[in-house]
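Next come the chains, spelled out residue by residue.
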Amino acid sequence: MTELLNTLYVQTPGASLHLDGDAVRIALPDGGGPRRTLPLLRLESIVLLGNISVSAPLLSRCADDGRAVVWMSRGGRFRCRLDGPTRGNVLLRHAQHLAHADPVVRLPIARACVAGKIQNCRQVVLKGARDAGDTKDALRGIAADLEDSLAAAGAAEDLDVLMGVEGAAARSYFEALAMMIRKDSGLSFPGRIKRPPTDGVNALLSFLYGLVRSSVHGACEQVGLDPYVGFLHGIRPGKPALALDLMEEFRPAIADRLALTLINRRQVSADDFEQLEGGAVQLTEDGRKTVLTAWQQHRQKERPHPVLGRRVAHGLVPFVQSRLMARTLREELPGYLPWTV
Amino acid sequence: MTAVGAEDPWPVPLSALEHYAYCPRQAGLILLEDAYADDAATVRGTLAHHRIHDPGHDKRPQVRTLRALPVWHDELGLTGVCDVVEVHPDGTVLPVEHKSGSYTPGGPADVQVAAQAMCLEQRMDTAVPTAAIYAMADRRRHTLAVDASLRERVCATAEAVRAVMAREELPAPAADQRCRRCSMNTGCMPKVLAGTRRYNRLLAELYTPSHETDWDD
């Protein structure tokens, strides 16, 4: 996996996807629009948002090639994913399970995941402080709090304490996030609300986190890790705990930064959200289109990777980090190093 | 893991001998981690092998050409498939291994084709003193003598592969010029593992606030 391949996102209700030789053919409802085919060779995965149907031949071809097909709700909530067979790296999986069961191994990995998240949160806040007007001091103050949280995470002696540190850091970080949203953007952030989001900013964050999560989950699978056995998030049926562990470091630097850019540059505005009966808020179809286009561009952007010593595209970082996790679990590396910007 | 008796050595794939001779870690990654990565060169090889294994019409009617022939060796515990085995009118058996690249004398392919020769000796109950490698890059057949020292190398390599499988531990990365043309470079991460000083330094700094970063957006 040295080439960053594309992900095909389909969100037009009633659209259907078919296998056409070595390409995927997209049929829009009532046969509208031009004939669209895309070569499968260039696609890493196919993500379907909402009511989209996929032909059985296309599904089985994707399974053969190891190309994931992911179903998401229209709000971007992960529903399921079809993948080829589980990779046969049983020694790695076994090592992962043993590491989960051994607090001496488990705790440092969990700590590292939290540290990576806090480091990146702090960088996002510092960037906000640099661009801020009257909130500069408040943001600097939160950055200093996050430094304390970072030290506390390093000193945490059990998972409960560590989770507490993580929660406190997240609360002050989201306070900072609220300050970083421009007043003239027409949106504001009341703090993190999920399940379901009840305002635009939270709807955007949930949608982006869903995209990050699906790419991290895929990276775990590809490297041969069990996405469901985590270190910080532990194990609970149906919860991809390792994917959640690994995505902590990506939330601030990849998802939140992109959300801030989209809002503050007014690429996404209040018009891009709709409120459902009962109060839940989600992106409109046009809003999703804007976000997905920006997400695809964002994935291509490169940043220096501290461990590899070279620039790596955002979209490939989850693969690099999954490999570092695998090498750590196989005791080839002395510990897990999160990706810090 | 099932215990393996002395008279029942762990079967070693013939391809693993070649992988090990190229780089022990490459063999380890394939055998222990089920990790195989394709690049342009390996895909070219796979496509070429589809053609080779397809029985076409033979231009030399007096030579019997066997394709994709499964072979094994009980005592040495080897198993694999020969690309092409030629049976000449005088009874000579000649394994011909096809390689998409060019030929390196004394290289990993020699070990693989010599092992095929040793398997064929047992299977066809005849001496196979010569083997050949067809290099697609230079469109030439290179013949080599399956002599005592090459046979010794086959046995030693098979033992080494078996040791990797038994230890369940990956051999250290080569981190040299071999890695540049290895399709498994990304998963192996030879440079990161070889330069653990840098890694350890970064690990020690994990809980220290890092320098304020530049966002180039």
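Definitions and cut-offs
Residues numbered from 1 in each chain as written. Chains lettered and ligands numbered in written order. Predicted model: local features only at pLDDT ≥ 70, side-chain atom pairs only at ≥ 80, totals over all residues. Heavy atoms only, no water. Helix = DSSP H or I, 4+ residues; strand = E, 2+ residues; numbered from the N terminus. Rg over C-alpha atoms; globule rule 2.2 N^0.38 Å. Buried < 20%, exposed > 50% of the residue type's maximum accessible area, 1.4 Å probe, protein only. Core = buried A, V, L, I, M, F, W, Y, C linked by side-chain atoms within 4.5 Å. Contact = heavy atoms within 4.5 Å. Domains from an automatic or database assignment. Buried area = accessible area lost by both parts, 1.4 Å probe. Polar contact = N/O pair within 3.5 Å; in protein donor to acceptor, adjacent residues only side chain to side chain. Nonpolar A, V, L, I, M, F, W, Y, C, P; charged D, E, K, R; others polar.

1. What about the overall build of chain A?
Moving on, step 1. Tallying secondary structure elements over chain A gives 10 helices and 12 strands in all.
Moving on, step 2. Radius of gyration (C-alpha) of chain A: 20 Å, near the 20 Å computed for a compact globule of 341 residues.
Moving on, step 3. Referenced to the eigenvectors of the C-alpha coordinate spread, the extents of chain A come out at roughly 60 × 55 × 40 Å.
Moving on, step 4. Expressed as a percentage of its 341 residues, the buried residues of chain A come to 59%.

2. Focus: the nonpolar core
Moving on, step 1. In terms of nonpolar packing, the biggest core is built from 101 residues, with Val-125, Leu-208, Leu-225 and Met-325 of chain A touching the most fellow members.
Moving on, step 2. Leave out the neighbours within four places in its chain, and Met-325 of chain A touches Ile-109, Leu-225, Phe-231, Leu-242, Leu-246 and Tyr-336 of chain A.
Moving on, step 3. Grouped together as the second largest cluster of nonpolar side chains are 32 residues, Tyr-103, Ala-109, Ala-114 and Cys-119 of chain B included.

3. Brief notes about the domain arrangement of chain A
All names here are of chain A.
Moving on, step 1. The assigned domain composition of chain A is domain 1 (6-82) and domain 2 (90-330).
Moving on, step 2. For domain 1 versus domain 2, the distance between C-alpha centres works out to 27 Å.
Moving on, step 3. With both chains or domains summed, domain 1 and domain 2 bury close to 1500 Å², and 49% of this area falls on carbon and sulfur atoms.
Moving on, step 4. Three residues stand out in domain 1 for area buried against domain 2, namely Tyr-9, Gln-11 and Arg-74, and they jointly supply 38% of the buried area on that side.
Moving on, step 5. Where the side of domain 1 that touches domain 2 is concerned, the elements lending two or more residues are strand 1 (6-10), strand 5 (43-49), strand 7 (68-72) and strand 8 (78-82).

4. A few points about the domain arrangement of chain B
All names here are of chain B.
Moving on, step 1. Once the domains are mapped, chain B shows domain 1 (12-171) and domain 2 (173-208).
Moving on, step 2. Across the interface of domain 1 and domain 2, roughly 920 Å² is buried in total on both sides, 62% from carbon and sulfur atoms.
Moving on, step 3. Where domain 1 packs against domain 2, one counts two residue pairs in polar contact (both at pLDDT 80 or more).
Moving on, step 4. Looking at the side of domain 1 that touches domain 2 element by element, the count peaks at five residues for helix 2 (residues 24-33).
Moving on, step 5. Considered class by class, the residues forming the side of domain 1 that touches domain 2 number nine nonpolar, two polar and three charged.

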